[in-house]
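Structural overview
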Protein chains: 2
Amino acid sequence: MSDIRSLAMAARDAASDVAVLSTDAKRALMMDMAASLERHAGEILAANAQDMQQAAAKGVQGAMLDRLRLDEARVATIAQALREVANLPDPVGVVTRRETRPNGIGIERVRIPLGVVAMIYEARPNVTADAAALCLMAGNAVILRGGSEAIHSNTAIAAALHDALSAHGLPAAAVTLLTDLRREAMVELLQLADIIDLAIPRGGEGLIRFVTEHARVPVIKHYKGVCHLYVDRAADLELALGLLVDGKTSRPGVCNALETLLVHREVAASFLPLAAKALQERGVELRGDETVCALAPGAKPATEDDYAAEFLDLILAIRVVDDLEQAIAHIRRHGSDHTEVIATRDEATAQRFVQALRSAVVMVNASSRFSDGGELGLGAEIGISTTRLHAYGPMGAESLTVERFVVRGEGQVRHPSSLSANLSAPVLPDASA
Amino acid sequence: MSDIRSLAMAARDAASDVAVLSTDAKRALMMDMAASLERHAGEILAANAQDMQQAAAKGVQGAMLDRLRLDEARVATIAQALREVANLPDPVGVVTRRETRPNGIGIERVRIPLGVVAMIYEARPNVTADAAALCLMAGNAVILRGGSEAIHSNTAIAAALHDALSAHGLPAAAVTLLTDLRREAMVELLQLADIIDLAIPRGGEGLIRFVTEHARVPVIKHYKGVCHLYVDRAADLELALGLLVDGKTSRPGVCNALETLLVHREVAASFLPLAAKALQERGVELRGDETVCALAPGAKPATEDDYAAEFLDLILAIRVVDDLEQAIAHIRRHGSDHTEVIATRDEATAQRFVQALRSAVVMVNASSRFSDGGELGLGAEIGISTTRLHAYGPMGAESLTVERFVVRGEGQVRHPSSLSANLSAPVLPDASA
């Protein structure tokens, strides 16, 4: 058996142990994992220094290097995140539906863990602890495949987590760190459809495409967030301006930042000059159609590609639309099913916008930046899905479980006539007819 | 653009129209589809006669040929099934959770359709109507790829459904029948990850493996049902015998039929002779371990393969186990995650059995034959999933939807400090810091 397969099978065995842990046991484990991280902060920072040195030697710098860096405060933040996971509601064992059928059998839908989750990610070492904690809290084992640039940090973090697992009598394989970072090893992992229940890639589009193309196991992913704000003719323009500035400028590098503004023609002349001024004062480059360029001094002409772009930067594509339907058609054509916002005071317009779009998150008069597990009340977030299956939008611990059926009866059978009523009664040979 | 791709894109466009239909509109459509099938029964039966002739000419016979056959009564049954779908609760628009966050934004989880569902199936022409109805009721478009042996029947049934769609102003592409039956066409369809939201293969293991191996779109499937009955030492043996006879003999050719019986050693001597007698009188061949062969006259020795077999026939594998844990270990090792049953009067034993097994359906003192969408209260069934993602176990209309987020605010933003409060107030250049 290959190393990858035997490592995955060990994770699957460990998953059985994690699945039956009580909520209290999982919470105590989370707290001890947090304490162990803090206790091993010295080793973790030393390992991180090695990663930083190697990255710097390879010429990595700026934001990329910063994402890799750990210090005492960041380790404390990671530990704190685990303590927050300990306080999440336990999704396992939750009964989502109860019914008694006419024949008397009682049916429950009950949440159980998925089993083994494979996280494939890049750079940030905090994912090692965050993902492990969320997977364990939902009763799963996890296989972590981080990037080579963070291998020492990830190894040190995993070792600290293993200490806590061991103190709770749990196998280290419940949190398995893949240290064979060859692409072939990842591909082999992604083909183990009989062992791995879900793969979640987090990182650049290249990584996500690679995972999707090579996986035989189910994959939940999102490629990009091309989030739209549509300012309706019935919008409160001041409110709309707030959503626009927050959505575009509060953190432009994240997937729930706004990338395209659509403005109803009737309010374009009043809204666009103000919007342009507010955005340009915050350093945003504007790219628009002819009307936009006429109304917003300094705006450049937009190309067709700009309307499908995830800029992740202080750039905004703008289009003036004739009506709600044109806005909907634009979003359907160019959107990424992530998050769309409408600013309007007209309830029927809002309702049509919500119904006509099938994006994971649709907002009425609220900022796209709320499209986030924490903000939407899920607690910690394991990822965001734009795949319309299983989970759609921000995914919390509950997304790492599935509902199954538990049925309780008192001997009910489907075809009573095929039975003899009594063990001692003679069974007629033709009773099976 | 290829024919397959343009056909799929037409289905996606049609999905937008279906998604926004009201419950009443969908119910009226179902009723008209049923009526149209009955009105076109003549054409459908003539087409079916062609299929039957061709199949007979190819040497198809017995159960295979019977599965293909339609008559007036079967067409009426298909129409009746559509009328039953019309009475199902509409899953679309159902709000599964409501929450107001501390900042005042209101969050709803709301069910929306998946989009485009591809059904890949064999033989039975009723699937053409059943699958179309369930997909439409859940607000989806469907692409149907049936077997070549039923192509005339499927075409006639689809034409009848198109009549009803047209009468409701809906595009025929909402129910698209793939008539290009080359394997390459199916493969191309299964690769359209940007258009098809879910593929559901129904048929033999070969078809399901082919779909799984060639799909880039998500697939929900089940390979086989190796269902177990464990008769505990605390079982009511009369009750257990009823579950055994019903599970094995009431319809041996279906996936929720029992394939393996596990008996606690302490009750083996009292249960097995009676069980053997009842089963053998109904023509069941028994294959067991040494103890079984000693206690059940006529039982043959079982091979290791027998314990993983989906016989779909009047054959039963039997093993005597030392205790509950050995039964659980056996099922974990040999099971297919479909349906497992325990017969016991001991609540703690039942609880341990339910918790330790992660099969889609676990039953206490009820027949495995209830593992079916209708019996479990889902109404019609689109398939059974043994993939622990999205849907697990029998899948009804709700499994053809997904929950998304709808957020309503009054202008809330994530970083209020980055805004100026007022449109007319001057915006400070450093406000973005």
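Computed from a predicted model, the values in this text were never measured in an experiment. (Residues numbered from 1 in each chain as written. Chains lettered and ligands numbered in written order. Predicted model: local features only at pLDDT ≥ 70, side-chain atom pairs only at ≥ 80, totals over all residues. Heavy atoms only, no water.)

**Examining the overall build of chain A**
- Within chain A, the secondary structure is distributed over 14 helices and 16 strands.
- In terms of principal-axis extent, the alpha carbons of chain A reach across some 90 × 60 × 35 Å.
- Across the 433 residues of chain A, 56% fall into the buried class.
- In chain A, the share of contacts with a sequence separation of at least 24, taken over all contacts with a separation of at least 6, comes to 72%.
- Total accessible area on chain A is roughly 16400 Å²; 50% of this is exposed by carbon and sulfur atoms. (Helix = DSSP H or I, 4+ residues; strand = E, 2+ residues; numbered from the N terminus. Buried < 20%, exposed > 50% of the residue type's maximum accessible area, 1.4 Å probe, protein only. Contact = heavy atoms within 4.5 Å. Areas by Shrake-Rupley, 256 points an atom, 1.4 Å probe, with all protein chains shown as cover.)

**Concerning the side chain of A:Arg404**
- Position of A:Arg404 relative to the elements: it lies in strand E16 (residues 401-412).
- Despite its burial, A:Arg404 remains without a salt bridge, the nearest opposite charge being carried by B:Glu340 at 8.3 Å.
- In terms of polar contacts, A:Arg404 uses its side chain to reach the backbone carbonyl oxygen of B:Val354, at 2.6 Å.
- A polar contact is formed between the side chain of A:Arg404 and the backbone oxygen of B:Ser359, at a distance of 2.9 Å. (Lys, Arg positive; Asp, Glu negative; His and termini not counted. Salt bridge = Lys/Arg side-chain N within 4 Å of Asp/Glu carboxyl O. Polar contact = N/O pair within 3.5 Å; in protein donor to acceptor, adjacent residues only side chain to side chain.)

**Here's the deal with a positive patch on the surface**
- A cluster of basic residues, A:Arg67, A:Arg124, A:Arg202 and A:Arg251, forms a positive patch on the protein surface.
- Assessed through its relative accessible area of 32%, A:Arg67 is described here as partly exposed. (Patch = residues over 30% accessible without salt bridge, like charges linked within 9 Å, V, L, I, M, F, W, Y side chains within 5 Å. Charge placed at Lys NZ, Arg CZ, Asp CG, Glu CD.)

**Observations concerning the relation of the copies chain B and chain A**
- In the superposition of chain B on chain A (RMSD 0.1 Å, axial shift 0.0 Å), the rotation amounts to 180°. Given the turn and translation reported, the copies of this chain are related as if by a two-fold rotation axis. Taking C-alpha positions as the reference, the residue of chain B nearest the rotation axis is B:His390, at 1.9 Å.
- Comparing interface residues between copies, 100% of those in chain B also sit at the interface in chain A, which points to an isologous, same-surface contact. (Least-squares fit on C-alpha atoms with pLDDT ≥ 70 in both.)

**Here we look at the packing of aromatic side chains**
- With the rule as written, the count across this model stands at two aromatic pairs over all chains.
- The interplanar angle of 20° and the centroid separation of 6.3 Å between the aromatic rings of A:Tyr230 and A:Phe353 together place this pair among those described as stacked. Taken together, the positions of A:Tyr230 in strand E7 (residues 227-231) and A:Phe353 in helix H14 (residues 347-356) put the pair 123 residues apart, joining distant regions of the chain. Summarising the burial analysis for this pair, A:Tyr230 and A:Phe353 share the class buried.
- For B:Arg109, the ring lying beneath its charged end belongs to B:Phe405, and the centroid distance is 4.2 Å. (Phe/Tyr/Trp six-rings, centres within 6.5 Å; stacked < 30°, edge-to-face > 60°. Lys NZ or Arg CZ within 6 Å of the ring centre and 35° of its normal.)

**Observations concerning the domain arrangement of chain A**
- Partitioning chain A into domains gives domain 1 (3-220 + 395-406) and domain 2 (227-370).
- Computed from C-alpha atoms alone, the centre-to-centre distance between domain 1 of chain A and domain 2 of chain A is 36 Å. (Domains from an automatic or database assignment.)

**A few points about helix H2 (residues 23-39) of chain B**
- Helix length check: H2(B), at 17 residues, gives a terminal C-alpha distance of 24 Å against a target of 24 Å (1.5 Å per residue), a fit within 8%.
- Each element contacted by the buried residues of H2(B) is listed here: helix H3 (41-57), helix H5 (72-86), helix H6 (126-137) and helix H7 (151-167) of chain B. (Expected span 1.5 Å × (residues − 1).)

**Describing the UniProt feature "domain: Aldehyde dehydrogenase" (unreviewed entry) in chain A**
- Cross-referencing UniProt, the feature "domain: Aldehyde dehydrogenase" (unreviewed entry) maps to residues 3-284 of chain A in the present numbering.
- Counted over residues 3-284 of chain A, helix gives 53% and strand 16%. Its end C-alpha atoms are 50 Å apart. (UniProt positions renumbered as here; feature names shortened; annotations may be inferred.)

**Let's talk about the environment of B:Asn103**
- Topologically, B:Asn103 is positioned in the loop between strand E1 (95-100) and strand E2 (106-113).
- Expressed as a C-alpha distance, the spacing of B:Asn103 and B:Gln61, which sit 42 residues apart in the sequence, is 68 Å.
- For B:Asn103, the contacting residues outside a window of four places in its chain are A:Phe370, A:Glu375 and B:Gln412.

**Focus on the pairing of strand E8 (residues 258-264) of chain B**
Residue and element names in this part refer to chain B.
- Judged by how many residues are buried, E8 sits mostly within the fold: seven of seven residues are covered.
- In this sheet, E8 lies alongside strand E7 (residues 227-231) in parallel orientation, the contact comprising five bridges. Residue pairing for E8: Leu 229 is matched across the bridge by Leu 261.
- Following the chain from E7 across helix H10 (residues 237-249) to the adjacent parallel E8, one finds a crossover that is right-handed. (Pairing = 2+ DSSP bridges. Right-handed = clockwise from strand over helix to strand, strands pointing away.)

**Things to note about the packing of H10(B) against helix H11 (residues 265-281) of chain B**
All names here are of chain B.
- As a packed pair, H10 and H11 sit with axes 10 Å apart at the nearest point and diverge in direction by 40°. With respect to their mutual orientation, H10 and H11 come out oblique. By crossing handedness, the relation of H10 to H11 is classed as right-handed. Together, Leu 237, Ala 240, Leu 241, Leu 244, Val 245, Lys 248 and Thr 249 of H10 and Val 267, Ser 270, Phe 271, Leu 274, Ala 275, Ala 278 and Leu 279 of H11 make up the contact between the two elements.
- Class assignment for the residues of the contact of H10 with H11 results in 11 nonpolar, two polar and one charged. (Axes fitted to C-alpha atoms, helices over the stretch in contact; angles between N-to-C directions. Parallel < 35°, antiparallel > 145°, perpendicular 65-115°, else oblique. Left-handed = near helix turned anticlockwise from the far one by under 90°. Nonpolar A, V, L, I, M, F, W, Y, C, P; charged D, E, K, R; others polar.)

**Quick look at the interface of chain B and chain A**
- In this assembly, 90 residues from chain B lie in contact with 92 residues from chain A.
- Interface area, chain B with chain A, both sides summed: about 7700 Å², of which 54% is carbon and sulfur.
- Remark: the boundary between chain B and chain A carries 10 salt bridges.
- For the salt bridge of A:Asp197 with B:Arg358, the shortest nitrogen-to-oxygen distance reads 3.7 Å.
- Viewed at the interface, chain A and chain B are joined by 45 residue pairs in polar contact (both at pLDDT 80 or more).
- Counting residues per element, the side of chain B that touches chain A draws most heavily on strand E16 (residues 401-412) of chain B, at 11 residues. (Buried area = accessible area lost by both parts, 1.4 Å probe.)

**Here we look at the side chain of B:Asp90**
All names here are of chain B.
- Relative to the elements of secondary structure, Asp 90 occurs in the loop between H5 and E1.
- Exposure remark for Asp 90: the relative accessible area of 11% places this residue in the buried category.
- Reaching out from Asp 90, the side chain makes a polar contact with the backbone nitrogen of Val 92 at a distance of 2.9 Å.
- Here Asp 90 is in contact with Thr 23, Lys 26, Arg 27 and Met 137, once residues within four sequence places are set aside.

**Concerning the environment of A:Thr291**
All names here are of chain A.
- Mapping Thr 291 onto the fold places it in helix H12 (residues 290-295).
- A relative accessible area of 27% means that Thr 291 is categorised as partly exposed.
- Aside from chain neighbours lying at most four places away, what touches Thr 291 is Arg 265 and Val 320.

**A closer look at helix H1 (residues 3-19) of chain A**
All names here are of chain A.
- Compared with an ideal rise of 1.5 Å per residue, which puts 17 residues at 24 Å, H1 spans 24 Å between its outermost C-alpha atoms and is within 8% of the ideal.
- Within H1, burial applies to Ile 4, Ala 8, Ala 11, Ala 14, Ala 15 and Val 18. Taken around the axis of H1, the buried residues stretch over an arc of 120°, which confines them to a single face.
- Each element contacted by the buried residues of H1 is listed here: strand E3 (116-121), helix H6 (126-137), strand E4 (141-145), strand E5 (175-177) and helix H8 (183-190). (Arc of directions from axis to C-beta.)

**Considerations on the pattern of salt bridges**
- Applying the stated criterion to the full structure yields 60 salt bridges over all chains.
- Two residues, B:Arg69 and B:Asp71, come together in a salt bridge whose shortest N-O distance is 3.2 Å.
- The partly exposed category is assigned to B:Arg69, whose relative accessible area is 30%.
- Classification of B:Asp71 as partly exposed rests on a relative accessible area of 24%.
- A cluster of three or more residues bridged by salt bridges with shared partners is formed by A:Arg97, B:Arg109, B:Arg111, B:Glu398 and B:Glu403.

**Some thoughts on the sheet that holds E5(A)**
Residue and element names in this part refer to chain A.
- Here we have four strands laid out as an open sheet, ordered E5-E4-E3-E6, and parallel in their pairing. What marks the edges here is a single partner per strand, and that holds for E5 and strand E6 (198-202). Strand-to-strand twist across the sheet, computed as the mean angle between neighbouring axes with direction ignored, equals 20°.
- Pairing analysis gives three bridges linking E4 to E5, with the strands arranged parallel. When the sheet's bridge partners are listed, Val 142 is paired in E5 with Val 175.
- Sheet strands touched by helix H7 (residues 151-167): E3 and E5. Its angle to E5, the strand with the most contacts, is close to 155°.

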